[in-house]
There are 2 protein chains.
Amino acid sequence: MSKKLFILSLLVWAVGCFSHAVVAQPPRGPFVVSPQINSDKTVTFRYLAPSAKEVKLSGQFLKSPMEMVKDSIGIWSVTVSNIKPDIYPYSFQVDGVTVMDPANVSFFPNERFKASLVDVPDNPPLIHALQNVPHGTITYEYYPSVEGTTGSVVVYTPPNYDKDASKKYPVFYLISGTTDTEETFFKVGRTNLILDNLIAEGKAKPMIVVMPYGNPMAKIAEQKGRSKPADPTSRDGADAVNRAKLFEVDLVSNLIPYIEKNYRTLNNRENRAIGGFSRGGGQTLRTAFGNMDKFAWICCYSSYLSTSEMESNFKSITEKPENTNKQLKLFWIGVGDEDFLYKGTVEFMDYLKAKKVNYKSLITPGGHTWMNVKTYVAETAQLLFR
Amino acid sequence: MSKKLFILSLLVWAVGCFSHAVVAQPPRGPFVVSPQINSDKTVTFRYLAPSAKEVKLSGQFLKSPMEMVKDSIGIWSVTVSNIKPDIYPYSFQVDGVTVMDPANVSFFPNERFKASLVDVPDNPPLIHALQNVPHGTITYEYYPSVEGTTGSVVVYTPPNYDKDASKKYPVFYLISGTTDTEETFFKVGRTNLILDNLIAEGKAKPMIVVMPYGNPMAKIAEQKGRSKPADPTSRDGADAVNRAKLFEVDLVSNLIPYIEKNYRTLNNRENRAIGGFSRGGGQTLRTAFGNMDKFAWICCYSSYLSTSEMESNFKSITEKPENTNKQLKLFWIGVGDEDFLYKGTVEFMDYLKAKKVNYKSLITPGGHTWMNVKTYVAETAQLLFR
């Protein structure tokens, strides 16, 4: 957008604000375009703040925040080059205050932080890109959940799901991380587009993906008018294990029956997979190990269980490894080499190895990020239900 | 949450930040609870900013922003009483910078501003409240749109839609306002819950609601890698009319055929309604008047067409009012008495009256707000397809 157009738009906006002063009213016009993907593959970020003293860009594609520069009409901007194509969370630091990009509708659904998302495309398109292939659909559902509450879940059905009413599908239960919501695997993980693209290329089997909300204890508090309980203070303390148990009960007793009643599913362990990221990875392992009759496919993204929890709660998994290895069609573990859970995950893999429990693993560059999660989803989706 | 618990949570958070310093990592734990609905019906808003100089609460339930007060650990808070039960957009002004509430996952999907949403409940529950009734589902779809682009749309199907494969439904096309997205009628308008509740009470006929994205010109720019075009400088200038035409072409030639192919719909004008808010109201009137063979029900929320546009483009509507009145099962216009479009809407109604075109109208207190939109949706949904 040219500077002249910016100024024009700003005038339109100013006039709009003045004439609509009586009621709060969004200004008209895209007076700031941000983020803007440029033809030379650089990306320009902009933020309107005529009276701010300092504006910085913070993003998971940067090692440290970048200074932005203010123009004569108060629009701060910075152009970043050499961003590896991917989808990244970012925000602005406006005089030290973290804000989402007001001009960008794409955001990271999370209960504790707010970030916008920038999608840096590649050519040929990345596996999570919107492409001209048959698309599945995303459905938001309510279901009867623990303690009489109403649970919320997001469900992906593959392309042409509605075309053949006799066809049944395997189901992948996919659980997001701490403070993420049931939307995060859709909005940030682009699970629907990854599946659409893999299915179009014949690289993944058509499947239903069920994305639950991971914290039913909070849902109970919310719906019963109580204060939301503080999160557990450790990843594998008694409180965390109890919460994971509540999730497991909800998944096995409420959500799976609901899904199998309302979708055309194949209802046996060979056609049920479970996977998750971070807290959802822990819930995946606990739920799968506690319900080996329910799941034959396990995908653990950036998470692990401690040796002590394995020894006290899941002895059955390691006591007769030949049984476990026979039962599990896939036991997959992925983690980033800069992930703060990397060390624990490697220890977990060493423990499994020592116990002769088979697993496949993928160590990627990077940290505890949704860039890595998308890679893991794309990798594992190709292995499931084969 | 007690102050002791706050401090404990803050310590947990601080430790978390420190130990995970290598990678950007969301802090654990709900160390700030906001908004908190108290048992005495007051609402407490909180924002953590130890180094901010001034934090204010801004919200559509307030006449002007309220000062917040900082406690010893840096959490700013204010408790507001006497908020009329409803769902309101709000934000914090942190040293003059507008931010969403980081502790609140509920937000207003919009391309130009960022606001959180607070849901102040009532007893008995309001018509948009999540209640223990059969629920419909919300589906996110892609469809082939103008100029080879991929359009996005959100679709509500009523409770038990999947139970009887022979049953067909009428369809309500519902269009959101300028800079809103296809998600706004779902996330802010709670159209799904309003319909669930009305259907459960027998007050609305089961229907499909189709919520398109209202700005296909922007979608073309986005998908063809061009800059997003500036919004039109007036509501009824040539540019605005051209954009409305593009929307109309997309709706009539692409979206309606897609919906009627993929859902069990009743495919005649008596079973198609169209409605919209603000820009979507203008698109509603233009699309309906230009396609009287397609729609028999019109719902115009907080919008109007100018007399000059009516005279130049839609003479057929007023020339033989007896035909129009016979064709339209409902022509409904709602507007708030403080809406900046109130005057124009009243002039539009006066014009229709003079031309002997029948309509029903509802003037509500308040402005150009989604509190009013929800009222209008609930009112009109009860009248449709009767």
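Residues numbered from 1 in each chain as written. Chains lettered and ligands numbered in written order. Predicted model: local features only at pLDDT ≥ 70, side-chain atom pairs only at ≥ 80, totals over all residues. Heavy atoms only, no water.

This brings us to the sheet that holds strand β5 (residues 69-70) of chain A. Residues and elements named next belong to chain A. The four strands are arranged β1-β2-β6-β5 in an open sheet whose pairing can be described as antiparallel. The sheet is open, and its two edges are formed by β1 (36-37) and β5, each paired on a single side. Inspection of the sheet shows β1 paired to strand β2 (residues 43-48) by two bridges, in the antiparallel sense. Following the sheet pairing, I37 is matched in β2 by V43. (Pairing = 2+ DSSP bridges. Helix = DSSP H or I, 4+ residues; strand = E, 2+ residues; numbered from the N terminus.)

Turning next to the relation of the copies chain B and chain A. With an RMSD of 0.0 Å, the operation that places chain B on chain A is a rotation of 180 degrees combined with a shift of 0.0 Å along the axis. Classification of the inter-copy transformation places it as that of a two-fold axis. Of the C-alpha atoms belonging to chain B, the one lying closest to the rotation axis is found on B:T139, 2.1 Å away. Here 100% of the contact residues of chain B are again contact residues in chain A; the copies associate through an equivalent surface. (Least-squares fit on C-alpha atoms with pLDDT ≥ 70 in both. Contact = heavy atoms within 4.5 Å.)

Attention now goes to the pairing of β2(A). All names here are of chain A. Across the six residues of β2, six count as buried, placing the element largely inside the fold. Here β2 shows no split at all, with V43, F45 and Y47 on one side and T44, R46 and L48 on the other all buried. From the end of β1 to the start of β2, which pair antiparallel, there are five residues, and K41 there has a positive phi angle of about 75 degrees. With six bridges joining them, β2 and strand β6 (residues 75-80) adopt antiparallel strand pairing. Bridged to L48 within β6 is I75. (Buried < 20%, exposed > 50% of the residue type's maximum accessible area, 1.4 Å probe, protein only.)

Before going further, it helps to examine the domain arrangement of chain A. All names here are of chain A. As assigned here, chain A comprises domain 1 (3-12 + 26-119) and domain 2 (137-381). Once you take the C-alpha centre of each, domain 1 and domain 2 turn out to be 34 Å apart. Together, I87, P109 and E111 form the three largest contributors to the area buried by domain 1 at its contact with domain 2, with a combined 44%. One can count two salt bridges joining domain 1 with domain 2. Across the salt bridge formed by R190 and D119, the nearest N and O atoms sit 2.9 Å from each other. Here domain 1 is connected to domain 2 by seven residue pairs in polar contact (both at pLDDT 80 or more). Residue assignment for the side of domain 1 that touches domain 2 shows that the elements contributing at least two residues are β7 (87-94) and β9 (116-119). Looking at the side of domain 1 that touches domain 2, the element that brings in the most residues is β7, giving three residues. (Domains from an automatic or database assignment. Buried area = accessible area lost by both parts, 1.4 Å probe. Salt bridge = Lys/Arg side-chain N within 4 Å of Asp/Glu carboxyl O. Polar contact = N/O pair within 3.5 Å; in protein donor to acceptor, adjacent residues only side chain to side chain.)

Turning next to the packing of aromatic side chains. Inspection of the entire model under this criterion finds 46 aromatic pairs over all chains. Pairing A:Y301 with A:Y376 gives two aromatic rings, centres 5.8 Å apart and planes at 40 degrees, and the pair type is tilted. One end of the pair, A:Y301, is in strand β15 (residues 297-301); the other, A:Y376, is in helix α11 (residues 370-381), and 75 residues separate them in sequence. Taken as a pair, A:Y301 and A:Y376 share a single burial class, namely buried. An aromatic cluster is built from A:F45, A:Y47, A:F61, A:Y88, A:Y90 and A:F92, whose rings are joined through pairwise contacts. Against the face of A:Y213 rests A:K219, its NZ or CZ located 4.7 Å from the ring centre. Sitting above the plane of the B:Y161 ring, B:R264 keeps its charged end 4.2 Å from the centroid. (Phe/Tyr/Trp six-rings, centres within 6.5 Å; stacked < 30°, edge-to-face > 60°. Lys NZ or Arg CZ within 6 Å of the ring centre and 35° of its normal.)

Next up on the list: the environment of B:Y359. All names here are of chain B. Mapping Y359 onto the fold places it in the loop between α10 (342-354) and β17 (360-364). For the pair Y359 and W332, spaced 27 residues apart in the sequence, the C-alpha separation amounts to 5.6 Å. Here Y359 is in contact with F331, I333, M349, L352 and K353, once residues within four sequence places are set aside. Separated by 3.3 Å, the side chain of Y359 and the backbone oxygen of M349 make a polar contact.

This brings us to the nonpolar core. Among the nonpolar cores identified, the biggest contains 74 residues, and A:Y301 and B:Y301 are the most heavily contacted of them. Core analysis: the second largest hydrophobic core is formed by 46 residues, A:V78, A:V97, B:V43 and B:W76 among them. (Core = buried A, V, L, I, M, F, W, Y, C linked by side-chain atoms within 4.5 Å.)

What follows concerns the interface of chain B and chain A. The interface of chain B with chain A comprises 66 residues on the first partner and 67 residues on the second. Summing the contributions of chain B and of chain A, the shared interface buries around 5,700 Å²; its carbon and sulfur component is 61%. Linking B:E183 and A:K187 is a salt bridge whose minimum nitrogen-to-oxygen distance equals 2.6 Å. Where the side of chain B that touches chain A is concerned, the elements lending two or more residues are α1 (3-19), β8 (97-99), β10 (137-144), α2 (184-187) and α3 (191-200) of chain B. The biggest single contributor to the side of chain B that touches chain A is β10(B), with six residues. Of the residues in the side of chain B that touches chain A, the class split is 28 nonpolar, 24 polar and 14 charged. (Nonpolar A, V, L, I, M, F, W, Y, C, P; charged D, E, K, R; others polar.)

The subject of this paragraph is the confidence of the model for chain A. All names here are of chain A. Per-residue pLDDT for chain A averages 91, and the proportion of residues at 70 or more is 92%. Low pLDDT (under 50) marks residues 1-30, which in the prediction has 50 contacts with non-local residues, meaning those over four places away or in another chain. At the level of chain-chain contacts, confidence expressed as ipTM amounts to 0.89, with global pTM at 0.92. (pLDDT = per-residue confidence, 0-100.)

We now examine the sheet that holds strand β2 (residues 43-48) of chain B. Residue and element names in this part refer to chain B. Taken in spatial order, the four strands line up as β1-β2-β6-β5 in an open sheet, and their pairing is antiparallel. Looking at the sheet topology across the chains shown, the edges are occupied by β1 (36-37) and β5 (69-70). Two strands pair when backbone bridges link them, and β5 and strand β6 (residues 75-80) are joined in this way by two bridges, in the antiparallel orientation. Bridge pairing in β6 places K70 opposite W76.

Below, the discussion takes up the packing of α3(B) against helix α11 (residues 370-381) of chain B. Each packed pair of helices is defined by two parameters, the angle between the axes and the distance between the axes. All names here are of chain B. Running from N to C, α3 and α11 point in directions that differ by 35 degrees, and their axes come no closer than 10 Å. In terms of crossing hand, the pair formed by α3 and α11 is right-handed. Here T191, I194, L195 and L198 of α3 lie close against α11, whose contacting residues are K374, V377, A378 and A381. Split by residue class, the contact of α3 with α11 holds six nonpolar, one polar and one charged. (Axes fitted to C-alpha atoms, helices over the stretch in contact; angles between N-to-C directions. Left-handed = near helix turned anticlockwise from the far one by under 90°.)

Let us look at the pattern of salt bridges. The full count for this structure, using the stated rule, is 27 salt bridges over all chains. The network of salt bridges with shared partners includes A:E311, A:K315 and A:K355.

Note the cis peptide between A:N123 and A:P124, where omega equals 0 degrees. With a phi angle near 60 degrees, A:S278 is a residue other than glycine that sits in the positive phi range. Structurally, A:S278 can be placed in the loop between β14 (272-277) and α6 (279-290). Exposure remark for A:S278: the relative accessible area of 5% places this residue in the buried category. Here the phi dihedral of B:R190 falls at roughly 50 degrees; this positive angle occurs in a residue that is not glycine. Relative to the helices and strands, B:R190 resides in the loop between α2 and α3. Owing to a relative accessible area of 18%, B:R190 belongs among the buried residues under this scheme.

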